[in-house]
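# A structural walkthrough
Single-letter residue listing:
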Amino acid sequence: MLKISNLSVSVENKLIINNLDLEIDEGKKVAVMGPNGSGKSTLSNVISGKPGYDIKEGSIEFEDTDILKVDPEERATMGIFMAFQYPVEIPGIANSSFLRTAINSIRKKNNIDPVNTRIFLEEINQIASKLGLDKSFLSRDMNAGFSGGEKKKNEILQLLLLKPKLCVLDEIDSGLDIDSLKVISKGISEYSNKKNSMLIITHYQRLLDHVIPDEVHIFNNGKIVESGDHNLVKILEEKGYKEFS
Amino acid sequence: MRTSDDTTKLVEEASRYKYGFTTNIEQDLAPKGLNKDIVRFISQKKNEPKWLLEWRLKAFETLEKRKDNLPTWANLKYDKIDFQDIHYYAAPKSEDDKPKSLDEVDPELLRAYDKLGIPLKEQEFLAGVKNSHKVAVDAVFDSVSVATTFKSELSKLGIIFCSFSEAVATHPDLVKKYLGTVVPVNDNYFSTLNSAVFSDGSFVYIPPGVRCPMELSTYFRINAANTGQFERTLIIADKNSYVSYLEGCTAPMRDENQLHAAVVELVALENAEIKYSTVQNWYPGDKNGKGGIYNFVTKRGICQEAHSKISWTQVETGSAVTWKYPSVILKGDYSSGEFYSVALSHNCQQADTGTKMIHIGKNTSSRIVSKGISAGRGQQTYRGLVSILPKADNTKNFTQCDSLLIGNDCGAHTVPYIDVRNKSSDVAHEASTSKISEEQLFFCLQRGITEEDATALIVNGFCREVFKSLPMEFAVEAKKLLELSLEGAVG
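About the cut-offs
Residues numbered from 1 in each chain as written. Chains lettered and ligands numbered in written order. Predicted model: local features only at pLDDT ≥ 70, side-chain atom pairs only at ≥ 80, totals over all residues. Heavy atoms only, no water. Helix = DSSP H or I, 4+ residues; strand = E, 2+ residues; numbered from the N terminus. Polar contact = N/O pair within 3.5 Å; in protein donor to acceptor, adjacent residues only side chain to side chain. Contact = heavy atoms within 4.5 Å. Pairing = 2+ DSSP bridges. Axes fitted to C-alpha atoms, helices over the stretch in contact; angles between N-to-C directions. Buried area = accessible area lost by both parts, 1.4 Å probe. Salt bridge = Lys/Arg side-chain N within 4 Å of Asp/Glu carboxyl O. Core = buried A, V, L, I, M, F, W, Y, C linked by side-chain atoms within 4.5 Å. Buried < 20%, exposed > 50% of the residue type's maximum accessible area, 1.4 Å probe, protein only. pLDDT = per-residue confidence, 0-100. Parallel < 35°, antiparallel > 145°, perpendicular 65-115°, else oblique. Left-handed = near helix turned anticlockwise from the far one by under 90°. Expected span 1.5 Å × (residues − 1).

### Describing the side chain of Thr395(B)
Residues and elements named next belong to chain B.
- Turning to its location among the elements, Thr-395 is positioned in the loop between strand 20 (379–388) and strand 21 (396–406).
- Within the structure, Thr-395 has its side chain in polar contact with the backbone oxygen of Ala-392 (distance 3.5 Å).
- Beyond its immediate stretch of four places on either side in the chain, Thr-395 contacts His-359, Gly-361, Asn-363, Thr-364, Ile-388, Ser-424, Ser-425 and Asp-426.

Given below as structure tokens:
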């Protein structure tokens, strides 16, 4: 589904990703773990098309299309979703209006009629309750004044609503208490199937205890320094990142 | 990859004016220039009584004394206006033979309204809204009202809603009693000018104890080239009455700068409430600032008696130059004034707008919420005065001025004047300036929302507090207008 080849990315002339090769097959959950400043967030931003990154060389193919020149909203339409490490606040816009604008934008690009309001409301209410969110959550301003946990749950809510093919989860577990982590993990696990793929970016083991990855890569200084299955997580947790540089 | 520069470009290219067309209706024009004969010509054309002609002539004398003494304190740059190079009267030719019904209205005129999407026809207003929102329209085409609807229903309640000229003929006592009492003839250059040469406008009187059952609405439209527009509107809400008045404007594209200097006066008597909402979308000029309307408006209301309330809501997206400060004089005890404003300046537009809240009575309160959006090379100034006079005990004011910048070449300025002469008053002022952040924009893009829609979404969120205070159908229009004004923002 996603094929990153020979990718080098720099920001302000500093090389952040160095000659990276990474493939994520359909139906796979791939974890990328690494210390602070290893280039993990840059990776998710470059996949989703955030401006401000200088692509030195290499390619990113999504379903056999090179997406590096594709606009970010187009990538979203193709089925790439990024859960933000720091979700953005948009004052004055109700959460549900934002969600509806998003889903209808994607439908429009795919030549599908706008979503039926009743069906839409039923669906988001269902998702919200699954994530343990009160109904009023949907009428509050988009992320404005939300707690850290609520913001992260809101990312998962959007994921479950937009039903992407590739989910890039950028430190979805940071700033979460244990209960919220469980709720979020459950949401992710339930969504995961043979048709979609996950790129899970994290520092810690704890998320990966709930969402078992098929592959684990340790990322340092902009490249993969070690790969393995989920047993690698335990080894990493014992030895620390220092062992893998 | 995209940068914020693209957003800037998008806004710069947003100048395509949807309503840029002119209709070919023969104009009955006064010769160019301003002198006593022109004033007499206008008065005669309108069959005005002697007292009004004298009132106009007195205003003209005041104007002569003022010479070209225009207000200079606003943060605006524009070419000198040659007041002798303007036609002061224009009317559609059909005026001589006034249509009895809309069927008799010049089809060319109706087509113009159709192009604007203005539902002038009565049946269109009635369609599907029979028991909900009826909107009466007193449509002003250039200087003369050509169609007035819903009059009979309103007159059953004793409500007078007609063109200003008609009110002069049918209700001279009311007009005489209140004309010029809120905005004195000599208030400022433009109010003096308007008093001498005003063309037409609306007149509303709500009798005691009556709650006007529908939104009263007027669509203004400037059409003839080189024709100044000098509307005069007077709204009186008698004791314990309520009225909501809507004013909306669009104008066809023209290269010459068109001068507009309206005067609006509102009078609220005891326990009466007037809500005045404006959506203004006059031609702003092209990308380089060529053409566009000069809008110098004096709007003021007086809460004459106790417990009265006046609320101004405005959405200003048009005009090359906007000079406008809808104000409230809070004379009656326990009276309250509100000002809600969204103003957008893009390309080369300039707006110097705000409000004045003059607290005279005891326990009076006022609330100001101003949202300024600057894009392109647009310049935006909020200028507001909160004045609390010595006898105004226990007064309250809350002011909030927020500015949103799109791009790097625009400007936002806030000039609040606060003059408090009573120790028991409570005055609060909050101000903020922000930019649409790259993070917000990218977040929306990542959810599949286009840059244009994302900008509109963020701007709408920014303006929500003001839109909330607009009547619903007007809020929808205002939102669309804002989106239209930001259209083409994607580079």
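### What about the sheet that holds strand 5 (residues 65–66) of chain A?
All names here are of chain A.
- One open sheet accounts for 4 strands, arranged 2-1-4-5; its pairing is antiparallel. Where the open sheet ends on each side, the last strands, each with one partner, are strand 2 (14–24) and strand 5.
- Pairing of strand 1 (residues 2–11) with strand 4 (residues 54–62), which is carried by 7 bridges, proceeds in the antiparallel orientation. Residue pairing across strands places Ser-5 opposite Ser-59, the latter belonging to strand 4.
- Across the face of the sheet, helix 1 (residues 40–48) comes into contact with strand 1, strand 2 and strand 4 while running at roughly 115 degrees to strand 1.

### Points about the interface of chain A and chain B
- The partner chain B presents 20 residues to the 38 residues of chain A that form the contact.
- Overall, the association of chain A and chain B removes approximately 2500 Å² of surface from exposure, summing both partners, and the carbon and sulfur fraction of that is 65%.
- Here Lys50(A) makes a salt bridge to Glu439(B), at a shortest N to O gap of 2.9 Å.
- Listed by contribution, the elements that provide at least two residues to the side of chain A that touches chain B are helix 2 (72–78), strand 6 (80–83), strand 7 (90–94), helix 3 (95–109), strand 8 (141–142) and helix 5 (148–162) of chain A.
- If you tally residues by element for the side of chain A that touches chain B, the top one is helix 3 of chain A, at 6 residues.

### Points about the nonpolar core
- If you look at the biggest cluster of nonpolar residues, it comprises 110 residues, and the most contacted ones within it are Ile47(A), Leu199(A) and Ile373(B).
- For this core, the element with the highest residue contribution is helix 11 (residues 451–467) of chain B, accounting for 8 residues.
- Beyond its immediate chain neighbours, meaning those up to four positions away, Ile47(A) contacts Leu2(A), Ile4(A), Ile60(A), Ile67(A), Arg75(A), Ile80(A), Leu166(A), Val168(A) and Leu199(A).
- In terms of nonpolar packing, the next biggest core, distinct from the first, is built from 53 residues, Ile38(B), Trp55(B), Phe190(B) and Val321(B) among them.

### What to know about the pairing of strand 20 of chain B
All names here are of chain B.
- For strand 20, the buried fraction is high: 8 of the 10 residues fall into the buried class.
- Pairing of strand 18 (residues 350–359) with strand 20 involves 10 bridges; the strand directions are parallel. Within the sheet, the bridge partner assigned to Thr-353 lies in strand 20 and is Tyr-382.
- Relative to strand 22 (residues 411–420), strand 20 runs parallel, the two sharing 10 bridges. Its bridge partner being in strand 22, Val-386 is matched across the sheet by Ile-418.

### Considerations on the pattern of salt bridges
- Scanning the model with the defined rule gives 29 salt bridges over all chains in all.
- Where Glu171(A) meets Lys40(A), a salt bridge forms, and the shortest distance between an N and an O atom there is 3.6 Å. Here Glu171(A), found in the loop between strand 9 (166–170) and helix 6 (178–191), pairs with Lys40(A), found in helix 1; they are 131 residues apart in sequence, far enough to count as distant. Considered together, Glu171(A) and Lys40(A) belong to a single accessibility category, that of buried residues.
- The partner of Arg447(B) in a salt bridge is Glu155(A), and the shortest N-O contact between them spans 2.6 Å. Residue Arg447(B) is located in the loop between helix 10 (438–446) and helix 11, and its partner Glu155(A) is located in helix 5; the two belong to separate chains. Of the two residues, Arg447(B) and Glu155(A), both sit in the buried class.
- Via salt bridges that share partners, Lys130(A), Lys186(A) and Glu190(A) belong to a single interconnected network.

### Some thoughts on the sheet that holds strand 6 of chain A
All names here are of chain A.
- In space, the 6 strands of this open sheet follow the order 6-9-10-3-11-12, with mixed pairing throughout. Edge positions in the sheet fall to strand 6 and strand 12 (223–228), since each has one partner strand and no second. Neighbouring strand axes in the sheet, compared pairwise and without regard to direction, differ in orientation by 20 degrees on average.
- Judged from the 4 bridges that link them, strand 6 and strand 9 form a sheet pairing that is parallel. In the strand pairing of strand 9, Phe-81 is matched with Cys-167.

### Thoughts on the confidence of the model for chain A
- Residues of chain A with pLDDT of at least 70 account for 100%, and the chain-wide mean is 93.
- Between the elements of chain A, mean pLDDT differs from a low of 89, seen in helix 8 (residues 231–239) of chain A, to a high of 97, seen in strand 6 of chain A.

### Some details on unusual backbone geometry
Residue and element names in this part refer to chain B.
- Of note, Asn-47 is a non-glycine position whose phi angle comes to about 55 degrees, a positive value.
- Along the chain, Asn-47 falls in the loop between helix 2 (36–45) and helix 3 (50–66).
- Of note in the backbone geometry, Ser-319 takes a positive phi value of approximately 70 degrees without being a glycine.
- Its place among the elements puts Ser-319 in the loop between strand 14 (309–316) and strand 15 (321–324).
- Taking the relative accessible area as the measure of exposure, Ser-319 reaches 1% and is therefore buried.

### Focus on the pairing of strand 19 (residues 365–375) of chain B
Residues and elements named next belong to chain B.
- Counting buried positions along strand 19 gives 9 out of 11 residues, so the element sits mostly inside the fold.
- Bridging between strand 17 (residues 336–345) and strand 19 involves 10 bridges; their strand directions are parallel. Within the sheet, the bridge partner assigned to Gly-337 lies in strand 19 and is Ser-366.
- Bridging between strand 19 and strand 21 involves 11 bridges; their strand directions are parallel. Its bridge partner lying in strand 21, Ser-366 is registered against Asn-397.

### As for the packing of helix 2 of chain B against helix 3 of chain B
Residues and elements named next belong to chain B.
- Their axes nearest at 10 Å, the elements helix 2 and helix 3 cross at an angle of 155 degrees. The orientation of helix 2 relative to helix 3 falls into the category roughly antiparallel. For the pair helix 2 and helix 3, the sense of crossing is right-handed. Where helix 2 abuts helix 3, its residues Lys-36, Val-39, Arg-40, Ile-42 and Ser-43 lie against Leu-53, Arg-56, Leu-57, Phe-60 and Glu-61.

### Some points on helix 4 (residues 117–130) of chain A
All names here are of chain A.
- Taking 1.5 Å per residue, 14 residues should reach 20 Å; helix 4 reaches 20 Å between its end C-alpha atoms and fits that length.
- Buried residues belonging to helix 4 abut helix 3 and helix 5.
- A side-chain oxygen of the first residue of helix 4 lies 2.9 Å from the backbone nitrogen of Arg-118; this N-cap is Asn-116.
- Once helix 4 finishes, Gly-132 follows within two positions and takes phi at roughly 70 degrees, a positive value.

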